Amino acid sequence: MTWWQAIILGLVQGLTEFLPVSSSGHLVLGQHLLGIALTDDVAFEVMLHLGTAGSIITVYHARIGTLVGQMVRSLPHAANRTDPEVRLGWQIALSCVPVGLAYVLLGDMFEAAFMKPRLACAMLLVTGGLLWLTRLAPTGQRATSAWTALLTGVAQVAALLPGISRSGATICTGLYLRVDPEAAADFSFLMVLPPIAGAALLKVTDMTAQVAAVDWVHVLVGTAVAYASGVLAIRVVLNFVRRGRLHYFAYYCVGVGLLGWLLLSAGSAP
């Protein structure tokens with residue numbers, strides 16, 4: 001791996017993990033149209049995910065500390081579970097159930113979808129439509145609830161398909177359910193921490209087999225870039241959500257989806 005590869009992969013991971021433009025859609029189209037293949041270095045992949053997890057922790061460190069502390073203190077005292085932060089913590093846990101079940105039951109199907117670039121193009125158009133329709137969603141003031149958490153978790157399952165943006169699908173779901181825009185964005189970013197940690201842990205065994213051969217200098221450079229660009233991306237999305245301009249990303253998604261479809265048609269890709 002070269003310095004440039006480490007920097008570019010870290011940048012792509014950090015930005016597209018949180019901007020509502022679908023990192024998976026870009027991956028699939030890049031592989032098929034440009035011949036770009038991501039490294040199969042498991043250690044690098046795990047560290048990039050840890051870098052983006054660090055981005056969330058940095059932006060929300062105070063909130064996460066309060067959530068964890070309140071949940072731990074609530075365990076022996078059922079009455080304390082009515083605390084808003086405790087409820088939010090359990091809602092985040094609930095939101096992870098659908099994606100966990102989907103991965104276990106339908107993991108092979110979702111992995112096979114990454115071999116279908118036309119599907120990625122179509123799903124980018126769907127993402128664009130979801131984002132654009134937020135213009136019509138009435139501004140809500142509701143807090144998150146168990147019901148909104150579960151539906152947002154289902155939206156996260158849809159994002160296992162290449163081309164469906166995870167942050168886009170989950171934030172849009174919150175907005176459509178009339179959740180306060182900033183609360184919907186905060187929930188979207190906080191709810192992804194457990195899945196990111198889980199995905200990294202699943203690959204730790206494979207990573208340990210490669211430790212001796214890992215180029216740690218390049219890995220750490222890529223991780224640092226993913227972390228820094230992730231912090232930037234989260235703050236950019238939060239700013240767009242607060243200003244009611246999340247739909248601006250729709251034009252980009254639709255443009256990439258249409259361009260990808262045209263290029264695939266010209267090259268007769270499947």
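Data block above holds the structure.
Now for a quick tour of the structure. Quick caveat, the model's predicted, so the values are computed rather than measured.

Conventions adopted
Numbering of residues starts from 1 in each chain and follows the order in which that chain's sequence is written. Only residues with pLDDT of at least 70 get local features here, since the model is predicted, and only at 80 or more are side-chain atom pairs given and counted; chain-wide, interface and lining totals rely on the full set of residues. In computing side-chain values, all of the structure's heavy atoms are included and hydrogens and water are not. Under the scheme used here, helices are H or I runs from DSSP no shorter than 4 residues and strands are E runs no shorter than 2 residues, and both carry numbers assigned from the N terminus. Throughout this description, buried means an accessible area under 20% of the type-specific maximum (1.4 Å probe, protein chains only), exposed means over 50%, and partly exposed covers the range between. Positive charges come from Lys and Arg, negative ones from Asp and Glu, while His and the chain ends are left out of the count. When a carboxyl oxygen of Asp or Glu lies within 4 Å of a side-chain nitrogen of Lys or Arg, that pair is called a salt bridge. Throughout, a contact is declared for two residues whenever any of their heavy atoms are within 4.5 Å. Convention adopted: a line fitted to C-alpha atoms gives each axis, helices being fitted over their contacting stretch, and angles between N-to-C directions are expressed from 0 to 180 degrees. For classification purposes, an angle smaller than 35 degrees is called roughly parallel, one larger than 145 roughly antiparallel, one from 65 to 115 roughly perpendicular, and anything else oblique. When residue character is reported, Ala, Val, Leu, Ile, Met, Phe, Trp, Tyr, Cys and Pro are called nonpolar, Asp, Glu, Lys and Arg charged, and the others, Gly included, polar. Contacts described as polar in this section are N or O atom pairs within 3.5 Å, which, within protein, must combine one atom able to donate a hydrogen with one able to accept it, while residues neighboring in sequence count only if both atoms come from side chains. Here, the term nonpolar core denotes a set of buried Ala, Val, Leu, Ile, Met, Phe, Trp, Tyr and Cys residues that are joined through side-chain atoms within 4.5 Å.

Observations concerning the side chain of Arg-166
Next up, step 1: Of note, Arg-166 is situated in helix 8 (residues 166–176).
Next up, step 2: Of the buried charged residues, Arg-166 lacks a salt bridge, with Glu-17 as the closest side chain of opposite charge at 4.7 Å.
Next up, step 3: When residues no more than four places from it in sequence are discounted, the contact partners of Arg-166 are Gln-156, Ala-159, Ser-188, Phe-189, Met-191 and Val-192.

Looking at the pattern of salt bridges
Next up, step 1: Using the criterion set out here, one finds three salt bridges in the structure.
Next up, step 2: A salt bridge links Arg-63 to Asp-186; the shortest N-O distance between them is 3.9 Å. Of this pair, Arg-63 sits in helix 4 (residues 61–74) while Asp-186 sits in helix 9 (residues 181–191), placing them 123 residues apart in sequence.
Next up, step 3: When its relative accessible area of 28% is taken as the criterion, Arg-63 is described as partly exposed.
Next up, step 4: Its salt-bridge partner being Glu-182, residue Arg-242 comes within 3.1 Å of it at the nearest N-O pair. With Arg-242 in helix 12 (residues 216–242) and Glu-182 in helix 9, this residue pair connects regions lying 60 residues apart in the sequence.
Next up, step 5: Taken together, the shared-partner salt bridges connect Arg-63, Glu-85 and Asp-186 into one network.

Describing the side chain of Gln-13
Next up, step 1: Tracing the backbone through its elements, the reader meets Gln-13 in helix 1 (residues 3–18).
Next up, step 2: Residues in contact with Gln-13, not counting those within four places in the same chain, are Leu-48, His-49, Thr-52 and Ala-226.

Thoughts on the environment of Pro-98
Next up, step 1: Tracing the backbone through its elements, the reader meets Pro-98 in helix 5 (residues 84–113).
Next up, step 2: Residues Pro-98 and Gly-153, spaced 55 residues apart in sequence, show a C-alpha to C-alpha distance of 5.7 Å.
Next up, step 3: Leaving out residues up to four positions away in the same chain, Pro-98 has contacts with Leu-150, Gly-153, Val-154 and Val-157.

Section: the packing of helix 4 against helix 5
Between two packed helices, both the angle of their axes relative to each other and the distance between the axes serve to describe the pair.
Next up, step 1: Where helix 4 meets helix 5, the closest approach of the two axes is 8 Å, and the angle between their N-to-C directions is 95 degrees. In terms of orientation, helix 4 lies roughly perpendicular with respect to helix 5. Residue-level contacts link Arg-63, Thr-66, Leu-67, Gln-70, Met-71 and Ser-74 of helix 4 to Glu-85, Val-86, Leu-88, Gly-89, Trp-90 and Ile-92 of helix 5.
Next up, step 2: In terms of residue class, the contact of helix 4 with helix 5 is made up of six nonpolar, four polar and two charged.

With respect to helix 9
Because each turn of an α-helix spans 3.6 residues, side chains separated by three or four positions in sequence point in the same direction.
Next up, step 1: The element helix 9 is largely enclosed, with a buried count of nine among its eleven residues.
Next up, step 2: For helix 9, the full list of buried residues reads Pro-181, Ala-184, Ala-185, Asp-186, Phe-187, Ser-188, Phe-189, Leu-190 and Met-191.
Next up, step 3: The backbone nitrogen of Glu-182 lies 3.2 Å from a side-chain oxygen of the residue at the head of helix 9, namely Asp-180.

Notes on the nonpolar core
Next up, step 1: Residues Ile-56, Tyr-60 and Leu-246 are the most contacted members of the largest nonpolar core, which totals 35 residues.
Next up, step 2: Put simply, the parts of the chain that give this core at least two residues each are helix 3 (42–59), helix 4, helix 5, helix 8, helix 9, helix 10 (193–202), helix 12 and helix 13 (248–267).
Next up, step 3: Top contributing element to this core by residue count: helix 9, with six residues.
Next up, step 4: Ignoring anything within four residues of it in the chain, the contact list for Leu-246 reads Pro-20, Leu-131, Thr-134, Ile-171, Cys-172, Leu-175, Val-237, Phe-240 and Val-241.

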